[in-house]
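Structure at a glance
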Amino acid sequence: MNNEKKYYENNEIWNKHPKEQELERIKTVVSLIPADVNTILDAGCGNGILVNYLLDNNIKFSRIYALDRSETALKYVKTEKSQGDISKLNFKDMEFDLVICLEVLEHLNIIDFQNAIQDIQRVAAKYIIISVPNNEKLEEHFIKCPYCKTNFHSTYHLRSFDMNITKSLFNGLGFQNINNLLIGKKESFKYISPFKRYIKKLQKKDIKFNHEVYCPACGAILKSDVISSNKMVKSQISIWSTLIKMLRNIWPKNYNYNWIFALYKRI
Ligand SMILES: C[S@@+](CC[C@H](N)C(=O)[O-])C[C@H]1O[C@@H](n2cnc3c(N)ncnc32)[C@H](O)[C@@H]1O
Ligand SMILES: [Zn+2]
């Protein structure tokens, strides 16, 4: 099993109640579902956060099917489901009115990514909904493995998307982009990037994850405390953090969004 697959078999990741921001994601999807949709495939469903929401809130469709590669995640899914690979979907052409794929495409290597795009459009009769992180700066989430010194993304993202890339995902494949939303508003401090970079350097970008992660190069199991900063560095970080907290209310800010949601319609 590769290391990303192993990561998604960790029960701690899936055994949790959705946070407010995750509910915002799910409600956004629901708001985007067109009225003439009867059947839905959620490809890369994770623990079923979307399909369970539809079920629990009595949002009725004649068929809701969930697919994921992770056996552990699928244990939490309450609808019709199976284990499978998004780049080799085992369904008939146009089997579902709508195929939904949330926060999965950024994890795929180039071959799986191209195959997934092809297969999603093949299986979708009417519509596709995709969500991806918005303009993610991948290197900001890099962890350096203390054993082999390889840098890798803390949740194994391999690609970054912006609005233009997302809009054109199904160009030439019989689908047209008809709606786009940016959600997950977040604020950042204007002019403060040099300080942030300095703090990140002190932190050695190492405290971004709460679960075990596996180095994709050497296979080492990393826990955040294994590579957490030494005491001196921690005290410097805490001084900076306190200062930033004090300035929070008066400092000018930039606003950005965590996620892009896109709806496509078969032409
Ligand atoms: C970040 S999670 C997103 C889960 C869910 N869609 C959500 O929005 O909360 C990524 C999911 O993609 C699944 N995944 C990654 N590569 C996959 C593949 N090739 N085929 C099927 N599922 C895959 C992982 O197992 C994981 O459940
Ligand atoms: Zn390593």
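In this report, we go over the structure that sits alongside the text.

For the zinc ion (ligand 2), the full set of protein donor atoms is Cys-145 (SG), Cys-148 (SG), Cys-215 (SG) and Cys-218 (SG), at a range of 2.3 to 2.4 Å. Around the zinc ion (ligand 2) sit four donor atoms, and with donor-metal-donor angles ranging over 102 to 115° the site reads as tetrahedral. For the zinc ion (ligand 2), all donor residues lie on one chain, and their spacing in sequence is C-x2-C-x66-C-x2-C. For Cys-145, a relative accessible area of 0% puts it in the buried group. Look at Cys-148 and you get partly exposed, because its relative accessible area is 29%.

So, on to the environment of Lys-88. Examined against the element boundaries, Lys-88 turns out to sit in the loop between β3 (80-83) and β4 (96-102). What makes Lys-88 exposed here is its relative accessible area of 61%. Lys-88 sits 24 residues away from Asp-112 along the chain, and the two C-alpha atoms are 8.5 Å apart.

The environment of ligand 1 is made up of 18 residues, and the closest members are Arg-25, Gly-44, Asp-68, Ile-86 and Leu-102. A distance of 2.8 Å is found between an oxygen atom of ligand 1 and a side-chain nitrogen or oxygen belonging to Arg-25. Taking Ile-86, its main chain carries an N or O atom lying 2.9 Å from a nitrogen atom of ligand 1. In isolation ligand 1 offers 600 Å² of accessible surface; the protein chains occlude 93% of this area. Among the residues forming the shell around ligand 1, the class breakdown is eight nonpolar, five polar and five charged.

The rules behind these values
- Residues numbered from 1 in each chain as written.
- Chains lettered and ligands numbered in written order.
- Predicted model: local features only at pLDDT ≥ 70, side-chain atom pairs only at ≥ 80, totals over all residues.
- Heavy atoms only, no water.
- Donors = N, O, S within 2.8 Å, 3.2 Å for Na, K, Ca; no water.
- Tetrahedral: all angles 85-135°; square planar, octahedral: opposite > 155°, others 65-115°.
- Buried < 20%, exposed > 50% of the residue type's maximum accessible area, 1.4 Å probe, protein only.
- Helix = DSSP H or I, 4+ residues; strand = E, 2+ residues; numbered from the N terminus.
- Near = heavy atom within 4 Å.
- Polar contact = N/O pair within 3.5 Å; in protein donor to acceptor, adjacent residues only side chain to side chain.
- Areas by Shrake-Rupley, 256 points an atom, 1.4 Å probe, with all protein chains shown as cover.
- Nonpolar A, V, L, I, M, F, W, Y, C, P; charged D, E, K, R; others polar.

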